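This is what each chain is made of:
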Amino acid sequence: MRVEGPVKPELRMECADGRRLVLMQGATPVLFARQRSTHRGLHYARTGRYASPFAPLRAERARAVAEFAAPGSAEWSERWAAHAEAQLRGAAEGPLHTGDWLLLPDVHRWFNAVNWPKLLAHDPDRGHLTWFGYGDPVEDARDLLPLRALSDPEAPRVKAYRRQYREGVLPPVFAWWLSGLHSPVVLDGHDRVTAALAEGGRPEVLILSRAVVDARWVAILSARPVEEYEKRVAALEGPLAAARIAHQSRSLADDLTAIISGYDRTLAWPFPGGAAAWDAAAATHVPGWSPDADR
């Protein structure tokens, strides 16, 4: 989707020297983070002041979309993506700014099934995310970062969503890919995350990201899979060749879809006052938090 403005959104990442990051919503910081100097992860602290830019979802809409298309299908995802786009375009404190954006299911297979149960069991307001499997504590290997604490599984709103999950009509979670965190964060659907995990499942997720619009870079990334596809297809013979070519074609289509749906880097604006001001703001909003950037 093409967005014409604003140039600087209300929900945005700001940065300062020393790998310091802060997610701002208007004038309110909602998440402080500092990347480790080893590039093996980051330390974060939530402030508890995040507000979803989405209007509350009614059960009637969830059931109406499920009647239109099978939950999890491409048509279902497209219908929910259209809903999310309308919500984000009209949001006073959302993340959209001038440029091209994508809102898609997990085409890059980012979410690891083994990591989902960790999220419900281990989601501290002040914590650490590990990257790339460098041997950090197992519980820190999580693939999605909530922007507020997850509710109790027995909370009334969560129980309503758990009922929707059992009925097969639970709406997706809307996430936003933040390259500085090397992780998606939950834009909307914290209680739906809890509901799905409490029922022993996992939520469907649609991920918002800036679109890669560099045609030259897309062509470079596409060259190798196309070349390998051509070699494999040329070597196919016999009565099963047609079926095998069809399989190879579907595989190539998936590879090319992932390339053109790549996550571009998230824009970050300078934090006013730099590192000293960031340290002061962190001390004010998350007192006592002292991230060890070299851990």
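Quick caveat, the model's predicted, so the values are computed rather than measured.

Cut-offs and rules
- Residues numbered from 1 in each chain as written.
- Predicted model: local features only at pLDDT ≥ 70, side-chain atom pairs only at ≥ 80, totals over all residues.
- Heavy atoms only, no water.
- Helix = DSSP H or I, 4+ residues; strand = E, 2+ residues; numbered from the N terminus.
- Contact = heavy atoms within 4.5 Å.
- Pairing = 2+ DSSP bridges.
- Axes fitted to C-alpha atoms, helices over the stretch in contact; angles between N-to-C directions.
- Buried < 20%, exposed > 50% of the residue type's maximum accessible area, 1.4 Å probe, protein only.
- Lys, Arg positive; Asp, Glu negative; His and termini not counted.
- Salt bridge = Lys/Arg side-chain N within 4 Å of Asp/Glu carboxyl O.
- Polar contact = N/O pair within 3.5 Å; in protein donor to acceptor, adjacent residues only side chain to side chain.
- Core = buried A, V, L, I, M, F, W, Y, C linked by side-chain atoms within 4.5 Å.

J.: Which residues make up the environment of Trp110, and what are the values?
T.: Structurally, Trp110 is set in the loop between β6 (99-104) and α3 (116-121). Each C-alpha atom, one on Trp110 and one on Val186, is 14 Å from the other, the two residues being 76 residues apart in sequence. Look past the residues within four positions of Trp110 in its chain and what remains in contact with it is Asp143, Trp177, His182, Ser183 and Pro184.

J.: Let's hear about the side chain of Thr130: which residues, and what values?
T.: Locating Thr130 in the fold gives a position in strand β7 (residues 126-130). In this structure, Thr130 is in contact with Arg40, Gly41, Asp136, Asp140 and Ala141, ignoring residues within four places of it in sequence.

J.: Give a detailed account of the sheet that holds strand β2 (residues 11-16), specifying residues and quantitative values.
T.: Taking strand neighbours across the sheet as the criterion, the six strands line up as β7-β5-β4-β3-β2-β11 in an open arrangement whose pairing is mixed. A strand with exactly one partner marks an edge of an open sheet, and here the two such strands are β7 and β11 (268-270). On average, each strand axis in the sheet is tilted by 30° relative to the strand beside it, whichever way the strands run. Of the pairings in the sheet, the one linking strand β5 (residues 41-46) to β7 comprises five bridges and is antiparallel in character. Along β7, the bridge assignment pairs His43 with His128. Along the sheet, helix α8 (residues 274-285) makes contact with β2, β3 (20-25) and β4 (28-35), crossing β4 at roughly 115°.

J.: Account for the side chain of Asp143, with residues named and values stated.
T.: Its place among the elements puts Asp143 in the loop between β7 and α4 (156-167). Buried charge Asp143 goes without a salt bridge, the closest partner of opposite sign being Lys118 at 7.5 Å. Here Asn112 takes part through its backbone nitrogen, which lies 2.8 Å from a polar atom of the side chain of Asp143. Beyond its immediate stretch of four places on either side in the chain, Asp143 contacts Trp110, Phe111, Asn112, Asn115, Ser183 and Pro184.

J.: Let's hear about the pairing of β4: which residues, and what values?
T.: Burial analysis of β4 places eight of its eight residues in the buried class, which makes it a mostly covered element. Sheet topology note: the β3/β4 ladder contains six bridges and is antiparallel. Following the sheet pairing, Arg20 is matched in β4 by Arg34. Note: β4 against β5, five bridges, orientation antiparallel. Looking at the pairing, Arg34 lines up with His43 of β5. In textbook terms, the turn of a hairpin is the stretch between consecutive antiparallel strands, and for β4 and β5 this stretch comprises five residues, one of which, His39, has a positive phi near 60°.

J.: Kindly report on the nonpolar core, identifying the contributing residues and their values.
T.: Of all hydrophobic cores here, the largest spans 40 residues; its most connected members are Leu23, Leu31, Trp176, Leu181, Leu187 and Leu208. Looking at this core element by element, the count peaks at five residues for helix α2 (residues 74-89). Residues Leu150, Val173, Val186 and Ile207 belong to the second largest nonpolar core, which totals 13 residues.

J.: Explain the pattern of salt bridges residue by residue, including any values.
T.: Taken as a whole, this structure holds 19 salt bridges when the rule is applied. Notably, a salt bridge pairs Arg63 with Glu167, separated by 2.9 Å at the nearest N-O pair. Residue Arg63 is located in helix α1 (residues 59-68), and its partner Glu167 is located in helix α4; the two are separated by 104 residues in the primary sequence. Judged by its relative accessible area of 42%, Glu167 is partly exposed. Taken together, the shared-partner salt bridges in this structure form one network comprising Arg46, Asp123, Asp125 and Arg142.

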